[in-house]
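Each chain, written out:
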Amino acid sequence: MKKHLGLLLIFSLWLILCTALWAQQQTRPQEPITPLPQSIKLDKAKVDLGRMLFHDKRFSKDNTVSCASCHIISKGGVDNRAKSLGVKNRIGEVNAPTVYNADYNIAQFWDGRANALEDQVDGPTHKPIEMDSSWPEIVGKLKKDPKYVRLFKEIYNEPINPTNIKNAIATYERSLITPNSRFDRYLLGDKNALTPDELKGYQLFKSYGCIACHQGINIGGNMFQTFGVFGNYFEDRGNVTQADYGRYNVTGRKQDRFVFKVPSLRNVAITAPYFHDGSAKTLTDAVNIMAKYQLGRTLPKKDVELIVKFLQTLTGKHKELKP
Amino acid sequence: MKWRYAIIMLAIALIIVLYFFANSFVGQDRYAAAEQILRLYKSDALALNQNILRTRFGFLLHYDPLRSGLRNMSILQDKLSQFVKDYKAPGIGLKDTLGEKLNIKKRLVVAFMRNNSILRNSVIYLPVAVSILTTENVAHSNLLNTLLLNVLLYTNSANEALAVKINNLVEQIPKAITYADTDTKDKLLLTNMLKHTKTILTYHPRLNTLTRQVLQVNLTDVIDSLSSLYSSERDKYIARANIYRILLFIFSLLLISIIIYMIICLRKSLRIETETNTKLNSEIDARKKAEEEVKHQNVTLETEVKNRTQTIIDTNEKLVNEITKHKKTSDFLRKAQEESKKNQHAKNVFIANLIHKITTSINTIIKNCKNNTIADDAVVNINKILDTVTDYANLEADTLNLEKTSFDFHELMTSCANKYQKLAQAKQLTFKLHLPEDCPQKLIGDHKRLNKVLENLLDNAVKYTEKGQIEVTVTYKIADPDQVILRFEIKDTGIGLNEEKRVHLLNLDDNDGDENNEDVNLNIIYCREIIKLMGGNLDIVIKDDVPGTIFCFSVGMQQGSKT
């Protein structure tokens with residue numbers, strides 16, 4: 001018996017050694033950024049229903065604004081305005097972030113007040129300056145459309161209700177991922193995907209420490225960060241609004257003042273203008289501001305250009321995205 | 001009847017089995033699901049703690065594991081709440097504590113990430129800045145390197161004395177190191193470096209506290225107590241389900257045995273039916289053969305009338321024997337299938353058939369025997385036997401109904417006496433009838449059968465008595481105004497019986513095989529049954545000193561109108 005145990009032990013050790021060696025060979029050099037998956041499994045019927053709802057103007061009080069009005073799917077999921085226009089052309093408080101890859105964010109909105117994509121839908125629909133509607137109103141309108149009544153019956157086996165609507169939209173948003181950016185291809189082992197300049201830009205992005213905040217699968221989006229760690233950005237800009245207090249508006253705690261969700265940098269080249277206030281018109285501006293207020297450093301012009309070049313390789317592909 | 005009960009029992013057993021089946025699964029899966037949730041929750045909580053430490057010491061390159069860990073735990077917490085709500089499960093307090101702790105942990109982890117990134121950047125930047133500043137101006141290297149060394153030492157300890165030292169240096173350096181106004185680049189670099197040093201001084205202790213706090217929020221102990229609560233709850237349900245499973249097992253056995261029993265019954269009754277059918281067929285064949293024989297004998301009718309008549313009688317006797325035999329078989333079958341109505345019916349049909357056949361064949365014979373006086377007697381005899389057989393069949397089937405006609409009792413007795421007087425004389429025996437004068441004359445009852453009983457018994461008496469006399473004594477008793485009880489005693493001086501034989505005769509059974517005395521037995525059984533129907537009892541008395549046998553019985557009759 002003892003003899004067998006010994007043999008077993010040796011055999012298992014050998015097995016572990018083999019797998020360890022094999023694993024060693026398999027792993028590529030570790031990077032703080034990971035590529036997006038090619039696709040994710042979702043219920044296609046729900047995705048299609050969500051797409052219809054996303055583009056449906058009946059979600060707004062006067063039937064003029066759909067989700068897609070501010071998150072133009074073919075243009076990177078943003079409206080490219082500093083601040084979005086809602087119903088009756090009311091101007092919003094903050095810049096509209098992209099809906100692409102939004103599911104990888106730690107929370108939704110700049111201040112992270114919604115946890116999941118489902119909860120997020122309540123926000124724009126009810127906000128007076130965005131859609132200015134309410135669930136009874138929206139459900140009432142959708143119920144008049146036999147097509148929706150049929151689809152909801154088929155897919156959810158339930159009458160139209162806010163929970164289903166939110167789930168459909170969120171499922172659609174989950175389908176909005178943009179894999180196959182040049183940088184992702186580089187991560188997946190295609191050494192020729194990046195030019196030497198771009199690769200240098202990536203090295204600088206890492207060595208300057210942008211990577212400390214913008215990292216992970218979404219190159220950002222996985223944490224909250226004070227805007228203005230080294231220096232008071234808001235004082236320098238002037239004209240502080242309620243929205244500038246960021247996460248403080250949600251938690252009411254002093255240390256959350258001026259704290260925002262770190263935005264994802266995927267597709268950043270096509271989502272100008274930048275920051276929650278939409279104050280940076282170009283990537284160069286944004287990178288300079290980042291360097292000054294987030295890194296507490298001044299970067300040479302040349303390095304900024306290289307980083308911008310790197311940021312431009314982050315634009316991925318999706319069949320509805322036509323940059 | 002039996003089938004109906006069996007089917008009802010089957011249905012009940014089936015319902016009970018289904019009920020037990022349904023109950024033997026209730027409850028445990030849902031607690032298994034809850035335990036699964038808690039298991040995942042716990043492993044996520046443990047992984048989160050590990051990832052915090054790995055991040056703190058730079059082993060993790062990005063925060064995605066922390067982000068997805070928090071998200072998974074939130075989802076699991078929601079599932080847990082849903083579970084507690086859906087099943088009204090216990091442990092609401094624990095679940096709420098867990099939720100509160102998770103929220104605290106989330107807040108701390110988010111703060112941890114924020115502070116960790118900033119501290120990381122500053123710690124990485126400081127050596128870079130110092131090396132640029134010192135290579136450009138070697139004069140400052142001493143002071144700056146001291147600062148760097150102290151900061152690096154500080155970041156790897158919790159020594160607050162170092163913090164004081166660093167603070168002093170940060171105050172000293174701007175005074176000690178000055179640049180020309182034109183040298184804005186170095187000036188800015190120096191201020192940035194000092195800013196980062198200050199950042200380290202504030203973020204390092206803060207991060208240490210945060211790390212400690214995150215690890216101190218212990219989710220696993222709450223999860224453990226919840227899962228032990230749910231596993232004991234699950235055990236309870238399993239114990240309950242086990243009882244149902246045992247019951248299920250027992251009742252399944254019962255169900256199976258009922259089904260097997262039913263199958264066996266079904267097969268048996270099928271087999272008996274086919275057996276009866278084959279018997280019936282062979283009977284018909286025998287009948288046909290007999291008929292052919294009769295026909296054959298017709299050819300030599302003129303010369304062999306006597307022989308032929310005898311043959312007919314023999315044949316018929318044989319028939320009777322065969323009927324008796326067959327009855328015995330069918331009675332045996334009836335025993336096996338005691339309550340089977342169906343079978344009883346089959347037998348009745350069979351006997352009815354048989355009698356029908358005999359009647360037809362007799363009728364053929366009668367037709368052939370017209371104008372033949374010798375055959376007449378035989379025909380009368382056969383008719384008598386047939387009547388008996390009919391009665392017998394009816395007795396067997398319990399369908400014999402006594403007639404109720406009024407008749408003259410005295411006349412019946414005298415005609416009977418006359419008949420046997422002659423028969424007795426032929427054998428040189430004396431025959432006596434004692435009938436009280438005042439015995440009621442008009443009675444209501446089945447006189448034909450009474451007559452037949454008397455004749456049967458007298459036939460026997462005449463048959464077995466060689467010399468001496470045959471005596472019939474009638475006594476009566478009026479029980480109530482309507483009812484007369486008549487007692488008959490038929491005494492002969494024949495060979496007599498011993499006790500054994502007497503008991504045997506009285507207890508004769510339909511299927512007692514006594515080949516020699518078949519007809520006697522049959523007669524006695526017949527009499528006994530008819531007497532029983534008339535409310536009396538047949539008895540045989542033997543007296544040691546007097547030779548012969550006394551058959552006695554009494555019957556009840558209704559009195560007819562006195563007029």
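Here, every reference points to the structure presented above.
Residues numbered from 1 in each chain as written. Chains lettered and ligands numbered in written order. Predicted model: local features only at pLDDT ≥ 70, side-chain atom pairs only at ≥ 80, totals over all residues. Heavy atoms only, no water.

(A) Quick look at helix 8 (residues 162-175) of chain A. Residue and element names in this part refer to chain A. The terminal C-alpha atoms of helix 8, which comprises 14 residues, lie 20 Å apart, in line with the 20 Å expected from a rise of 1.5 Å per residue. The buried fraction of helix 8 is high, at eleven of 14 residues. Along helix 8, the residues classified as buried are N164, I165, K166, A168, I169, A170, T171, Y172, E173, R174 and S175. Taken together, the buried residues of helix 8 touch helix 2 (44-54), helix 4 (117-120), helix 5 (122-126), helix 6 (135-143) and helix 7 (146-156). (Helix = DSSP H or I, 4+ residues; strand = E, 2+ residues; numbered from the N terminus. Expected span 1.5 Å × (residues − 1). Buried < 20%, exposed > 50% of the residue type's maximum accessible area, 1.4 Å probe, protein only. Contact = heavy atoms within 4.5 Å.)

(B) Representation of the interface of chain B and chain A. Counting residues at the interface gives 23 residues for chain B and 32 residues for chain A. Interface of chain B and chain A: buried area, both sides summed, is about 2300 Å²; carbon and sulfur atoms make up 55% of it. The largest contributions to the chain B side of the interface with chain A come from L61, R67 and R114 of chain B, which together make up 27% of the buried area. R114 of chain B is the salt-bridge partner of D256 of chain A, the closest N and O atoms lying 3.3 Å from each other. Elements with a contribution of two residues or more to the side of chain B that touches chain A: helix 3 (64-87), helix 4 (92-136) and helix 7 (184-216) of chain B. By residue class, the composition of the side of chain B that touches chain A is nine nonpolar, seven polar and seven charged. (Buried area = accessible area lost by both parts, 1.4 Å probe. Salt bridge = Lys/Arg side-chain N within 4 Å of Asp/Glu carboxyl O. Nonpolar A, V, L, I, M, F, W, Y, C, P; charged D, E, K, R; others polar.)

(C) Quick look at unusual backbone geometry. Residues and elements named next belong to chain A. Omega for the bond connecting A272 with P273 falls within 30 degrees of zero, at -5 degrees, which places this linkage in the cis form. With respect to the helices, strands and loops of the structure, P273 is situated in the loop between strand 2 (259-261) and helix 13 (283-295). Its identity is not glycine, yet N63 carries a phi of approximately 55 degrees, on the positive side. Counting through the fold element by element, N63 comes out in the loop between helix 2 and helix 3 (67-70).

(D) Quick peek at the nonpolar core. All names here are of chain B. Within the largest apolar cluster, 70 residues are counted, with the highest numbers of intra-cluster contacts made by M113, L190, M193, L219 and Y230. Where this core is concerned, the elements lending two or more residues are helix 2 (28-56), helix 3, helix 4, helix 5 (141-155), helix 6 (160-176), helix 7 and helix 8 (219-299). Considering every element that reaches this core, the biggest residue donor is helix 4, with 15 residues. For L219, the contacting residues outside a window of four places in its chain are Y41, A45, M73, L98, K101, L102 and K105. Core analysis: the next-biggest nonpolar cluster, separate from the first, contains 43 residues, L457, A461, Y526 and I531 among them. (Core = buried A, V, L, I, M, F, W, Y, C linked by side-chain atoms within 4.5 Å.)

From the geometry alone we can't say anything about function, so treat these as descriptive.
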